[in-house]
Amino acid sequence: MAVTETTQTTKPRLNAIVDDIHEALVEIITKHKVTYDEYRAAVEWIMKASQQHLEIPLALDVFLASTLDDLEHEAGEGTESNVEGPVYIPGAPRLEKPYVLPMRENEPGEKLVFSGTVRTTDGSPLAGANLDIWQANGACEYSHFQPDVPEYNLRGQLTTDEDGSFEFETVVPAPYEVPNQGATGQLLKALGRHSFRPGHIHFKLSHDQAAPLTTQIYFEGDPWLDSDVVGAAKESLATKLTWDEDADGRRSATCSYDFVLSK
Ligand code: BEZ
Ligand code: FE
């Protein structure tokens, strides 16, 4: 690739990465003898995706984000990190005890009580750690991304007690299908891949004496745990749902997870 000497000296990392991307693409085109028609189809796909709202970030999150997240945290100790994903909204309401994520009276999904602790890698409990939580409901709906779901539905922030413990009520999130009506869905379909993520709850944990952590908690036995379309689900982040049934046959679940933050 023709690159001027001035650019190379001012942006050596950018040049090295772009050169490697170019080299990798040339190698792929050569190896598979990619035709001009296939090249045009790829250009068309990019043009279509760029005209669809949030489609390019979605495609990047589906195909690449978890690799970046794993690389950035490979030396980390404590609970494994996991991708933030494209549906985080800052400024979720700070909740009062007893903690219940904001939800509608008939929120789709069975009741879930999620408890746990937040500790450091040396085992000390972290009092006053902040948990910023967001999730889909039992009908795969995220507030701010689905019409008719109230603002900040199933999004909230809470803090841990003196002993580092926390407990909140919510609903069990359903396995989630990433938006598949646009260019990303078209590509997944062409590849013969499904578009499901296992059910999960997102967490951002922070405390002034520990490193912040963005992660997700999954549920054992979820049918999509081993084939998450975004490749993010990890065994160490899966917890067990324990089910109960009341006199009227209504099911509810409990689960727990102990988070460990590195210093
Ligand atoms: C999610 O966690 O909701 C998500 C992650 C990556 C792509 C799409 C959705
Ligand atoms: Fe999600």
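Read on for a plain summary of the structure. (Residues numbered from 1 in each chain as written. Chains lettered and ligands numbered in written order. Predicted model: local features only at pLDDT ≥ 70, side-chain atom pairs only at ≥ 80, totals over all residues. Heavy atoms only, no water.)

Turning next to the nonpolar core. Core analysis: the biggest nonpolar cluster contains 49 residues, and Leu 112, Phe 114, Val 118, Phe 168, Phe 203 and Phe 259 have the highest contact counts within it. Where this core is concerned, the elements lending two or more residues are helix H4 (55-63), strand E2 (111-120), strand E3 (130-135), strand E5 (165-171), strand E8 (200-207), strand E9 (210-219) and strand E12 (251-261). When neighbours within four sequence positions are excluded, Phe 203 is seen to be in contact with Phe 114, Leu 131, Asp 132, Ile 133, Trp 134, Phe 168, Leu 213, Thr 214, Thr 215, Ile 217 and Phe 259. (Core = buried A, V, L, I, M, F, W, Y, C linked by side-chain atoms within 4.5 Å. Buried < 20%, exposed > 50% of the residue type's maximum accessible area, 1.4 Å probe, protein only. Helix = DSSP H or I, 4+ residues; strand = E, 2+ residues; numbered from the N terminus. Contact = heavy atoms within 4.5 Å.)

Now for the site of ligand 1. The environment of ligand 1 is formed by Leu 58, Asp 61, Gly 85, Pro 86, Val 87, Tyr 142, Tyr 176, Val 178, Arg 197, His 200, His 202 and Val 230. Between an oxygen atom of ligand 1 and a side-chain N or O atom of Tyr 142, the distance comes to 3.3 Å. Residue Arg 197 places a side-chain N or O atom 2.8 Å away from an oxygen atom belonging to ligand 1. Contact with the protein chains removes 99% of the 260 Å² of surface that ligand 1 exposes when unbound. Secondary structure elements with two or more residues in the shell around ligand 1: H4 and E8. Considered class by class, the residues forming the shell around ligand 1 number seven nonpolar, three polar and two charged. (Near = heavy atom within 4 Å. Polar contact = N/O pair within 3.5 Å; in protein donor to acceptor, adjacent residues only side chain to side chain. Areas by Shrake-Rupley, 256 points an atom, 1.4 Å probe, with all protein chains shown as cover. Nonpolar A, V, L, I, M, F, W, Y, C, P; charged D, E, K, R; others polar.)

We now examine helix H6 (residues 183-190). For H6, every residue scored as buried is listed here: Ala 183, Thr 184, Gly 185 and Leu 188. Elements in contact with the buried residues of H6: helix H3 (36-51) and H4. Trailing H6 by a residue or two, Gly 192 shows a phi angle of about 75°, which is positive.

A word on the packing of H4 against H6. Running from N to C, H4 and H6 cross one another at 40°; their axes reach a closest spacing of 8 Å. The orientation of H4 relative to H6 falls into the category oblique. Contacts between H4 and H6 involve Glu 55, Leu 58, Ala 59, Val 62 and Phe 63 on the former and, on the latter, Ala 183, Thr 184, Gly 185, Leu 187 and Leu 188. The residue makeup of the contact of H4 with H6, split by class, is seven nonpolar, two polar and one charged. (Axes fitted to C-alpha atoms, helices over the stretch in contact; angles between N-to-C directions. Parallel < 35°, antiparallel > 145°, perpendicular 65-115°, else oblique.)

The next point concerns the coordination of the iron ion (ligand 2). Here the iron ion (ligand 2) is held by the protein donor atoms Tyr 142 (OH), His 200 (NE2) and His 202 (NE2), which lie 1.9 to 2.1 Å from it. Along the chain, the residues that donate to the iron ion (ligand 2) are spaced as Y-x57-H-x1-H. In this pair, Tyr 142 sits in the loop between E3 and strand E4 (155-159) while His 200 sits in strand E8, placing the two residues 58 residues apart along the sequence. By the burial criterion, Tyr 142 is buried, and His 200 matches it. (Donors = N, O, S within 2.8 Å, 3.2 Å for Na, K, Ca; no water.)

To continue, consider the sheet that holds E2. Strands sit in the order E1-E5-E2-E12-E11 across an open sheet of five strands; the sheet is mixed. The sheet is open, and its two borders are formed by strand E1 (99-100) and strand E11 (242-245), each paired with just one other strand. Pairing between E1 and E5: two bridges, direction parallel. Bridging across to E5, Val 100 finds its partner in Glu 169. (Pairing = 2+ DSSP bridges.)

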